Amino acid sequence: MIQVAILGLGTVGTGVARVMEENAKQIEHKLGEPLRVKTILVRHFKDGPYRRLMTDDFRQIEEDPEIRVVVETIGGVGAAYEYTKRALAAGKHVVTANKQLVAERGCELLELAREKQVRYLFEASVGGGIPILHPLTQCMAANRIDEVYGILNGTTNYILTRMVRMGTSFEDALAEAQAKGYAEADPTADVAGIDTGRKTCILADLAFGQQVDPEEVPMEGITGLSLTDVKIAHRAGYRVKLLGRALRLPGGGHTAYVAPHLIPEENPVSNVEDVFNAVVVRGNATGDVMFYGKGAGALPTASACAADVMECLQAGPRQQESTWSSGTAGFEDPMELSSRHYFRIAGTLSEAVTAFGNVEVLAENGETAFLTDSISGRDALRLSKDLNVRASMRVLA
Ligand code: HSE
């Protein structure tokens, strides 16, 4: 019998317990022994099917030699960080869906895990139920990764889909996403682009082998997005989506940022709706590879956590450990990155032409919406400084 512990019994923690219970037969068949949740750490005891497993004392897990894997589903970097370090130090494998902790402290925790000869696995931290980190670091290991981008937040994609397709208000769509267990405890992290930013940092860390500090990554969410721009973009053959992007730059550096983008409708990412996420990895040998699936929710996230638990326990030679170096050198300002830009200005076409030269007009109706040629973010800002800008976004090539 293999014993595991779960820290936290919120949406993800409950999902992990459920997946391990409901899929117990398949899991046992693959591991060769039954897997059992022995202890669940909670802050407040509550009634329910897991009542007899609950403790509010982490030492009961830390000091239990039978517990081989700890699944951390607390979230944040406070108690989760503390307990992860203590569990690793006690020689237990740790599995998590905690993107904030991995983005901010992953390098250090991986180092500790290596030192203690245990695993620290976090497939569920990016893309919910989509397997993306293992394919990125293992199946695509022979590539130089030039770019990773995608829709990385289920809540915001759900909100955008409901607003655009059904005319639901932002507030109502967010309340629905919360009720479905997609949103963070504080949904500001979702709608302000911070959750996408943390996931983008993890992808960048693994893709480029170097720590990307979330503090350095510009993150813009969907709160400033207007349906006017979504509709203009739609008529012109584009969809508006919140993207996280991490790119290798020609000079050898790399960059990352989060912002709403216009995506041409021929790009399959433009059609990713509801709680679904999509991640595109561009390898120099593979070209673009796309991963698609449910990016949030109890069971998809729990599925990734449970698979990581199984990977920790499986016998045989260890897979190459995912890792990255702690130095943040090489990170460059995404303002240097060139792309076409969308603008909507309270002004005329001739003002737009005076500022940018050649433009492609999308709408003229008191205001003017247009696309520029490919220019850097810095030039887009500089050239638009005398215009009355109502909205601006990058266009994904
Ligand atoms: N709040 C996150 C989302 C959960 O909506 O994508 C999954 O990481």
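Participant: I keep staring at the sheet that holds strand 11 (residues 287-294) and nothing clicks. Help me out?
Facilitator: In sheet architecture, strand pairing relies on hydrogen bonds along the backbone and comes in two forms, parallel and antiparallel. The strand order across the open sheet built from 9 strands is 11-10-7-8-9-17-13-15-14, with neighbouring strands paired in mixed fashion. Looking at the sheet topology across the chains shown, the edges are occupied by strand 11 and strand 14 (359-365). Sheet twist, expressed as the average angle between the axes of neighbouring strands with direction ignored, equals 25°. Where strand 8 (residues 238-248) meets strand 9 (residues 254-264), 11 bridges bridge the pair, whose relative direction is antiparallel. Residue pairing across strands places glycine 244 opposite valine 258, the latter belonging to strand 9. Those strands touched by helix 7 (residues 154-166) are strand 7 (145-151), strand 8 and strand 10 (276-283), and its axis lies near 160° from that of strand 8.

Participant: Before we go on, may I ask you to explain the site of the ligand in this structure?
Facilitator: Near the ligand the following residues occur: Lys99, Asn153, Gly154, Thr155, Tyr182, Ala183, Glu184, Asp190, Asp195, Lys199, Gly295 and Ala296. Grouping the constituent residues of the shell around the ligand by class yields 3 nonpolar, 4 polar and 5 charged.

Participant: Mind showing me how you'd approach the pattern of salt bridges here?
Facilitator: If charged atoms from side chains of opposite charge come close, those side chains can pair. Evaluated as defined, the whole model comprises 29 salt bridges. Ionic pairing is found between arginine 344 and glutamate 367, a salt bridge with its closest N-O pair at 2.9 Å. Placement of arginine 344 in strand 13 (residues 341-345) and of glutamate 367 in strand 15 (residues 367-372) is noted, with a sequence separation of 23 residues between them. Using a relative accessible area of 8% as the deciding quantity, one classes arginine 344 as buried. Within the structure, one salt-bridge network assembled from shared partners comprises Lys99, Glu184, Asp195 and Lys199.

Participant: Would you mind showing me how to read the environment of glutamate 351 here?
Facilitator: Secondary-structure assignment places glutamate 351 in helix 13 (residues 349-356). Taking the C-alpha atoms as reference points, glutamate 351 and leucine 387, 36 residues apart in sequence, are found 7.4 Å from one another.

Participant: Please explain the packing of aromatic side chains as it appears in this structure.
Facilitator: Centre-to-centre distance and the angle between the planes together describe a pair of aromatic rings. Scanning the model with the defined rule gives 8 aromatic pairs in all. Taking the centre distance of 5.6 Å and the plane angle of 55° together, the rings of tyrosine 120 and phenylalanine 122 count as tilted. Both residues of the pair, tyrosine 120 and phenylalanine 122, count as buried. Look at phenylalanine 276 and tyrosine 292: their rings are 5.0 Å apart centre to centre, the planes differ by 5°, and that puts the pair in the stacked class. In this pair, phenylalanine 276 sits in strand 10 while tyrosine 292 sits in strand 11, placing the two residues 16 residues apart along the sequence. The ring of tyrosine 81 has arginine 105 sitting right over it, with the charged end atom 4.6 Å from the ring centre.

About the thresholds
- Sequence order as written defines residue numbering, which begins from 1 separately in each chain.
- With pLDDT at 70 or above as the cut-off, local features in this predicted model cover only qualifying residues; side-chain atom pairs require 80 or more to be listed or tallied, and sums for whole chains, interfaces and linings still use all residues.
- Each side-chain value is derived from all of the structure's non-hydrogen atoms; neither hydrogens nor water enter the calculation.
- Here the rule is simple: two strands pair whenever DSSP picks up at least two bridges between them.
- By definition, any uninterrupted DSSP run of H or I lasting at least four residues is a helix, any uninterrupted run of E lasting at least two residues is a strand, and each is numbered from the N terminus.
- Fitted lines through C-alpha atoms serve as axes, helices being fitted only where they are in contact, and the angles separating the N-to-C directions of these axes extend from 0 to 180 degrees.
- The contact criterion used is simple: two residues touch if any of their non-hydrogen atoms lie within 4.5 Å.
- Summary of the distance rule: residues count as near a molecule or strand when at least one heavy atom falls within 4 Å of that molecule or strand.
- Three classes are used: nonpolar for Ala, Val, Leu, Ile, Met, Phe, Trp, Tyr, Cys and Pro, charged for Asp, Glu, Lys and Arg, and polar for all others, with Gly counted as polar.
- The rule for a salt bridge is simple: a side-chain nitrogen of Lys or Arg has to be within 4 Å of a carboxyl oxygen of Asp or Glu.
- Burial here depends on accessible area, computed with a 1.4 Å probe over protein chains only, as a share of the maximum for the residue type. Under 20% is buried, over 50% is exposed, and the range in between is partly exposed.
- Ring pairs shown here join Phe, Tyr and Trp side chains whose ring centres sit within 6.5 Å, with only the six-membered ring taken for Trp; geometry is labelled stacked below 30 degrees between planes, edge-to-face above 60, and tilted in between.
- Look at NZ for Lys and CZ for Arg. If either is within 6 Å of the ring centre and within 35 degrees of the ring normal, a charge sits over the ring.

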